[in-house]
Amino acid sequence: MDQIYNKLAIVGEVGAGKTQLINTISEISPFATEARSSVDIGKEYTTVGIDYGRLSLDADIALGLFGLPGQKRFSLLWDMVNTSLWGLVILVKYGDGVNIDAIDDILTHFQPLKDNVPVIVGVSHSENATADELDVLLEFLEHVLQGHGLSAPIMPVDPRDIESSLMLLQMIDAINNTDEYEGAQLNVV
Amino acid sequence: MKRIACISTITQHPDEGDASTQLMELYNSTRVYNRENDITGVFLVSGSSCLQIMEGNAESLASAIYRMGRDSRLSDFSVVMNCNNDIAEFSGWKIRIISSGANAHLDFIARLKETLADKIQAKNNHDNARLDSFFGKPELSANVQPPTLAAPTDVNSTSKKTYDNCVISVSAWPRPTQIRMTPELIRICSNLTKRPAHFERILALNLCSSTEKLTHYLSALESLGLLKTHSSVGTPNLRVVNNPPKATNAATQTVSSTADRFSRVLKRFIASAKA
Ligand SMILES: Nc1nc2c(ncn2[C@@H]2O[C@H](COP(=O)(O)OP(=O)(O)OP(=O)(O)O)[C@@H](O)[C@H]2O)c(=O)[nH]1
Ligand SMILES: [Mg+2]
């Protein structure tokens, strides 16, 4: 039995890199939910349902990693995972057609602000983008977050890379460990 | 080389996705065209108003204007600046979405205003009102930095500025394209995007290895337009540094010590995995 078990939700569109990220971080393979995709989406495997991975940090401490499809019609799966989250990672696949509606849906549904859950937006498949191109997308994403009253880190991530993947955990940890008390209760406008 | 500015209103097509998606498509179509025709500048959006400032050769600009005048996604199209310029002010074609509370852009707009606004001429009251949504806000001048547009942040420049008597907050996370995210910067942003704190308080949190480093990061954030400083004069209570009792009952204490332990173990794991 785990003494401490925290949950990280990773949500994103098809091919964004959820399974890859979970594989990179966790020490065990995700459950056998990998199935041959029936539609040709340019990749061989797509995940049906929830991806699951686990990062054991100590004999009785673990972080559960839940990969969730990004479309609203899967909100039933979102609800299964969206209870006392340690963090929420939204994976966005870099490219011309970023689906901003889907990101809106995710934020509306998960309500991270209400539960004080740290959010990070990771932009994957972006290793060949120029800084200028990337900047434009980051700007858009910032705008979308602001629409939800959120200020969150938005950063390129390569789920195939250990260090880049761990950076996400490091960020969420930092946001979870902020100075909760005192502070100036100034109303900043 | 010519510089042209035009203002327009973005028309909503409710059946074609939400406003952000439509905006992105609109920007994308200008991006492709402008890249092919060596047009640089900025695509500014505030609410439903769109102000495009473009530099390039006269012919390319003329056909860009022609295209936009016929784009059904834009209406009330009006050219508000048309002048010659010797030096390019912009290096690429970028979008800036000016929304209320987005401090990051106030600084940019302030510099833009300083450099270009006197050359912009509204033809009528409607243009004026739309331009006001970009340049008109009185608080814009509060943040004015030296007026240069080409200012990539030099994070290594030593700054003598101190924040000793300031209450500080960070309005938004910097983009990794603007500044390198280090663990120290992550800690600063995590703490200060949530709520403002007095400089002494931040020092006491040991977010950085030295006071100089902290000051250095804060001034880097300031030059990106992301730092809000509030003088604490007249608000002495903000100087309190002592930690109040963290948790008053046993249950909350357990929660926080569990979180502490998780965080400690995770940090150790990350450090060893990176090594
Ligand atoms: N080049 C590149 N490849 C990536 C990146 N992220 C993921 N990939 C690859 O993209 C492919 C798809 O990634 P998956 O992890 O299967 O994507 P997913 O989000 O689980 O997709 P679904 O299960 O279909 O929803 C894999 O081959 C990954 O290795 C990235 O940042 N850059
Ligand atoms: Mg998958």
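Cut-offs and rules
Residues numbered from 1 in each chain as written. Chains lettered and ligands numbered in written order. Predicted model: local features only at pLDDT ≥ 70, side-chain atom pairs only at ≥ 80, totals over all residues. Heavy atoms only, no water. 1 Å grid on protein atoms, 1.4 Å probe; cavity = no way out; pocket = protein on both sides within 12 Å on 5 of 7 lines; lining within 4 Å. Points joined across faces, edges and corners; volume = space filled by probe spheres on them. Helix = DSSP H or I, 4+ residues; strand = E, 2+ residues; numbered from the N terminus. Nonpolar A, V, L, I, M, F, W, Y, C, P; charged D, E, K, R; others polar. Salt bridge = Lys/Arg side-chain N within 4 Å of Asp/Glu carboxyl O. Buried < 20%, exposed > 50% of the residue type's maximum accessible area, 1.4 Å probe, protein only. Contact = heavy atoms within 4.5 Å. Polar contact = N/O pair within 3.5 Å; in protein donor to acceptor, adjacent residues only side chain to side chain. Pairing = 2+ DSSP bridges. Axes fitted to C-alpha atoms, helices over the stretch in contact; angles between N-to-C directions.

### With respect to empty space enclosed by the protein
The tally for this structure, following the rule as stated, stands at five cavities of 30 Å³ or more. There is about 120 Å³ of room inside the largest cavity. Lining the largest cavity we find 12 residues, and of these Glu133 and Val136 of chain A together with Met24, Asn28 and Arg31 of chain B sit closest to its centre. Going through the elements one at a time, helix 4 (131-147) of chain A together with helix 1 (19-36) of chain B are the ones with two or more residues in the lining of the largest cavity. Class assignment of the residues belonging to the lining of the largest cavity gives a composition of seven nonpolar, two polar and three charged.

### Quick notes on the pattern of salt bridges
Applying the stated rule across the entire model yields 18 salt bridges over all chains. Glu55 of chain B is paired through a salt bridge with Arg3 of chain B; the nearest N and O atoms lie 3.1 Å apart. Separated by 52 residues along the polypeptide, Glu55 of chain B in strand 3 (residues 49-56) and Arg3 of chain B in strand 1 (residues 2-10) bring together distant segments of the chain. Using a relative accessible area of 0% as the deciding quantity, one classes Glu55 of chain B as buried. Classification of Arg3 of chain B by relative accessible area gives buried; the value is 4%. Between Glu184 of chain B and Lys213 of chain B there is a salt bridge whose closest N-O contact spans 3.4 Å. One end of the pair, Glu184 of chain B, is in helix 5 (residues 183-194); the other, Lys213 of chain B, is in helix 7 (residues 211-223), and 29 residues separate them in sequence. Relative accessible area serves as the criterion here: at 12%, Glu184 of chain B is assigned to the buried category. Each of the salt bridges in this network shares a partner with another, and the network as a whole consists of Asp135, Glu139 and Glu142 of chain A together with Lys94, Arg96 and Arg175 of chain B.

### Topic: the interface of chain A and chain B
The accessible area lost on association of the parts is a frequent measure of interface size. Listed as interface residues are 57 residues of chain A and, on the opposing side, 57 residues of chain B. The interface formed by chain A and chain B contains 10 salt bridges. Lys267 of chain B is the salt-bridge partner of Asp173 of chain A, the closest N and O atoms lying 3.0 Å from each other. Between chain A and chain B we count 13 residue pairs in polar contact (both at pLDDT 80 or more) in total. Counting only elements with at least two residues in the side of chain A that touches chain B, the list comes to strand 1 (4-12), strand 4 (51-58), strand 5 (61-69), helix 3 (100-110), helix 4, strand 8 (154-156) and helix 5 (162-176) of chain A. Broken down by element, the residue count for the side of chain A that touches chain B peaks at 14 residues, all from helix 4 of chain A.

### Some words on the sheet that holds strand 3 of chain B
Residue and element names in this part refer to chain B. Sheet architecture is open: five strands sit in the order 4-1-3-2-5, paired in mixed fashion. The open sheet terminates on both sides in strands that have one partner only, identified here as strand 4 (74-84) and strand 5 (93-97). Neighbour-to-neighbour, the strand axes of this sheet turn through a mean angle of 15°, independent of strand direction. Relative to strand 3, strand 2 (residues 40-46) is paired through seven bridges, and the arrangement is antiparallel. Among the inter-strand pairings, Phe43 is bridged to a residue of strand 3, identified as Gln52. Lying over the sheet, helix 1 contacts strand 1, strand 2, strand 3, strand 4 and strand 5, oriented at roughly 160° with respect to strand 5. On top of the sheet, helix 2 (residues 58-69) reaches strand 1, strand 3 and strand 4; it is set at about 160° to strand 3, its chief contact.

### Quick look at the environment of Ile4 of chain B
Residue and element names in this part refer to chain B. Relative to the elements of secondary structure, Ile4 occurs in strand 1. Placed 37 residues apart in sequence, Ile4 and Gly41 show a C-alpha to C-alpha distance of 9.4 Å. Apart from residues lying up to four places away in sequence, Ile4 is in contact with Gln52, Ile53, Met54, Leu61, Ile65, Val79, Met81 and Asn82.

In short, the description is geometric, and any link to function would need to be established separately.
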